[in-house]
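Inside the fold
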Amino acid sequence: MFEPMKNCITILTGAGISAESGLGTFRDEGGLWAQQRIEDVATPEGFARNPELVQGFYNARRAQAVEAVPNAAHEALARLEAEYDGEVLIVTQNVDGLHEKAGSRNVLHMHGALNGALCAACEHRWEAPLVMHVADSCPNCAAQATRPDIVWFGEMPYGMEQIDEALQRSTLFASIGTSGNVYPAAGFVAEARRLGCATIELNLEPSEGFSLFDEARHGAATQTVPAWVAKLLKP
Ligand code: OAD
């Protein structure tokens, strides 16, 4: 039977890839979830209870992200996409936009993005202003139900079907800068293995799912990612 050619690299990224751009991770010591409770700022219930707190949390993160500059790891992945003889898809859990700032084009934001606004009433999406207010109304339906276009706990991540299709045509799955605590992203390595992909983890330290990867490179992303990309692009 004819097998479709596999020539895709799927790369999952998490907060660790942006740490050296000055953006805090979630679960490292002093990380975002040590400062704020997930239930308060990253769930629909938290938003319903205290929308001011939630908008304030994401306004502050948006302000930081706008100022942040991509680092050598983001830049190496953009180079990989430009120079690799095949498809490179970045599936990011990050909402900071640094992959695009570095020049990556094929980026799927499975947890949404800080530069997006969403109407909870009609699901219209538009570019978020730098500062969102609870009283803002939707440009489509005028409801005062605007929220950051961020996927919260209890909500369905974006692009799951597209990710599944990409894994099916991938030869390699890489996971960069993620602790492997949050599903469904944490389950991609098992699915990639099942589909016959080679798997590699690049993280500061072994992640939760570390033992499932064929290969691991532990250290700062700005060191490990450019070296890994250089090896992949070597003629
Ligand atoms: P975490 O904070 O859970 O994990 C970050 C990982 O990056 C850790 O394993 C660190 O060891 C690693 N790390 C830190 N600095 C690094 C560096 N310089 N180089 C390489 N690795 C480094 O963040 P995520 O795994 O991205 O979701 O978290 C996943 C999701 O949980 C987020 O998208 C967010 C959060 O709750 C939502 O808000 C829905």
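Coordinates for the structure precede this section.
Residues numbered from 1 in each chain as written. Predicted model: local features only at pLDDT ≥ 70, side-chain atom pairs only at ≥ 80, totals over all residues. Heavy atoms only, no water.

**Points about the sheet that holds strand 6 (residues 146-150)**
Read from one edge to the other, the open sheet built from three strands follows the order 5-4-6, with strand pairing classed as antiparallel. With one partner strand each, in any of the chains shown, strand 5 (125-127) and strand 6 form the two edges of the open sheet. Here the average twist between neighbouring strands, direction ignored, is 45°. Sheet topology note: the strand 4 (residues 112-119)/strand 6 ladder contains four bridges and is antiparallel. Across the sheet, the residue bridging to Gly112 is Ile150, located in strand 6. Along the sheet face, helix 4 (residues 51-67) touches strand 4 and strand 6 and points at about 50° away from the line of strand 6. (Pairing = 2+ DSSP bridges. Helix = DSSP H or I, 4+ residues; strand = E, 2+ residues; numbered from the N terminus. Axes fitted to C-alpha atoms, helices over the stretch in contact; angles between N-to-C directions. Contact = heavy atoms within 4.5 Å.)

**Focus: the site of the ligand**
Taken together, 24 residues lie around the ligand, and Ala15, Phe26, Arg27, Thr178 and Ser179 are the ones closest in. In this structure, an oxygen atom belonging to the ligand sits 3.4 Å away from a main-chain N or O atom of Gly177. Take Ser179: an N or O atom from its side chain is 2.6 Å from an oxygen atom of the ligand. In the complex, the protein chains occlude 95% of the 790 Å² of accessible area that the ligand would expose alone. Along the lines of polarity and charge, the residues of the shell around the ligand split into 10 nonpolar, 10 polar and four charged. (Near = heavy atom within 4 Å. Polar contact = N/O pair within 3.5 Å; in protein donor to acceptor, adjacent residues only side chain to side chain. Areas by Shrake-Rupley, 256 points an atom, 1.4 Å probe, with all protein chains shown as cover. Nonpolar A, V, L, I, M, F, W, Y, C, P; charged D, E, K, R; others polar.)

All we've got here are geometric facts, nothing functional implied.
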